[in-house]
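Analysis of the macromolecular model
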Amino acid sequence: MYMNSFLSYVGGKSRLAEEIVKLIPPHNTYAEVFGGAGWVMFRKDPSKNEVINDINGDLIRTYRVIKFHYTEFIRQLRGVMISRDEFNRLLNQNIEHLTDVQRAIRYYYLNKTGYGGRMVKPTFPAYRTDPSRFNQFTLRKNLLQVSRRLARVCVENKTYQDFISLYDTSETVFYVDPPYYDCETYYGKGIFGKEDFSVLAGLLEGVKGKVIISINDRPEIRCIFANFHLREVATSYSLSGKTQAVSELIFTNFVP
Ligand SMILES: C[S@@+](CC[C@H](N)C(=O)[O-])C[C@H]1O[C@@H](n2cnc3c(N)ncnc32)[C@H](O)[C@@H]1O
């Protein structure tokens, strides 16, 4: 079923998802290593077995809450409104004593009302011309779809190394969408560094399963992933309301 993710996300593959879905070979287990907002998983048909992973605990908690506590999540969502004060109150909240549902509401609200899906340093935009994407009534339809779509999806909170070793079988297809080269800190400090690109390439060269990697086009990346089949795709980024055409790289360990 064709559907949207529930999050806007820096580096999210909403524009590239269909291109990537077309490349997915027959498989038993679909394993998304750097899950983020999971645009590719939400755009493709359900596989027999599916797992989505991310190192970010707040993000993964939000997946779990929408999957298991959809009704309570929607109930509590009614209590928040689009306002700079509300945004700053939630942003500066001491999260230690919040319940899982409250933490998920906070994450979702900051994502939907904040600027460009930037979760490391969320900021409230000036809505001078366009309205906020946060409309609790229209969002509810998407959240119900997401909750149902996640019913049989396993959600993991592991490093990419642990996740790949755990889920590698000859019937697995890994979709691998790491942070962009030169943008390693966009999702927080100390979770992914420049050296991780080579570690990741080495790990993926040795797996039994099939691999699809999407990444920005840099000479260093072409060199690190030189042992994979390469395909260039045209896509676009939005930055400060402007859309920029760019080419992105897709590497596979099979001939697509
Ligand atoms: C480019 S985003 C993925 C976007 C996703 N494909 C989408 O369409 O929304 C990269 C993700 O990798 C996660 N990440 C960064 N370092 C990681 C690590 N060491 N292990 C697992 N996940 C990591 C980040 O939290 C971020 O969500």
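Residues numbered from 1 in each chain as written. Predicted model: local features only at pLDDT ≥ 70, side-chain atom pairs only at ≥ 80, totals over all residues. Heavy atoms only, no water.

**Details of the environment of Leu23**
Residue placement: Leu23 occurs in helix H1 (residues 17-23). Residue classification places Leu23 among the buried positions, given a relative accessible area of 8%. Put simply, Leu23 and Arg84 are 61 residues apart on the chain and 42 Å apart in space, counted from C-alpha to C-alpha. Look past the residues within four positions of Leu23 in its chain and what remains in contact with it is Ile212, Arg231, Ile250, Phe254 and Pro256. (Helix = DSSP H or I, 4+ residues; strand = E, 2+ residues; numbered from the N terminus. Buried < 20%, exposed > 50% of the residue type's maximum accessible area, 1.4 Å probe, protein only. Contact = heavy atoms within 4.5 Å.)

**Observations concerning the nonpolar core**
Residues Phe6, Tyr63, Phe73, Tyr108, Leu143 and Ile212 are the most contacted members of the largest nonpolar core, which totals 50 residues. The element contributing the most residues to this core is helix H6 (residues 100-113), with seven residues. The residue makeup of this core includes at least three contributed by each of domain 1 (1-55 + 158-256) and domain 2 (57-149). When sequence neighbours within four positions are dropped, the list of residues in contact with Phe73 reads Val65, Ile66, Val101, Ala104, Ile105, Tyr108 and Leu143. Tyr167, Phe174, Tyr181 and Phe192 belong to the second-largest nonpolar core, a separate cluster that totals 27 residues. (Core = buried A, V, L, I, M, F, W, Y, C linked by side-chain atoms within 4.5 Å. Domains from an automatic or database assignment.)

**Here's the deal with helix H9 (residues 195-205)**
Each α-helix winds once per 3.6 residues, and so residues spaced three or four apart point in a common direction. Turning to H9, its buried residues number three or more, namely Asp196, Phe197, Leu200, Ala201 and Leu204. Summarising the axial view, the buried residues of H9 lie within an arc of 140°, below the 170-degree limit, and thus occupy one face. (Arc of directions from axis to C-beta.)

**Let's talk about helix H3 (residues 57-68)**
Look at H3: 16 Å from first C-alpha to last across twelve residues, which is about the 16 Å you get at 1.5 Å a residue. Within H3, the full set of buried residues consists of Leu59, Ile60, Arg61, Thr62, Tyr63, Val65, Ile66 and Lys67. Looking at the packing, one finds that the buried side of H3 touches helix H2 (39-43), strand E2 (49-53), helix H4 (70-77), H6, helix H7 (136-149) and strand E3 (153-156). N-cap assignment for H3: the residue whose side-chain oxygen lies 2.9 Å from the backbone N of Asp58 is Asn56. (Expected span 1.5 Å × (residues − 1). Polar contact = N/O pair within 3.5 Å; in protein donor to acceptor, adjacent residues only side chain to side chain.)

**Observations concerning the domain arrangement of the protein chain**
Domain annotation of the protein chain identifies domain 1 (1-55 + 158-256) and domain 2 (57-149). The C-alpha-based centres of domain 1 and domain 2 are spaced at 25 Å. Domain 1 puts 28 residues into the contact, and the matching count from domain 2 is 21 residues. Interface area, domain 1 with domain 2, both sides summed: about 1800 Å², of which 59% is carbon and sulfur. In this structure, the connection of domain 1 to domain 2 is made through one salt bridge. The salt bridge involving Glu50 is made with Arg149; its shortest N-O contact spans 2.7 Å. At the junction of domain 1 and domain 2, the tally comes to nine residue pairs in polar contact (both at pLDDT 80 or more). (Buried area = accessible area lost by both parts, 1.4 Å probe. Salt bridge = Lys/Arg side-chain N within 4 Å of Asp/Glu carboxyl O.)

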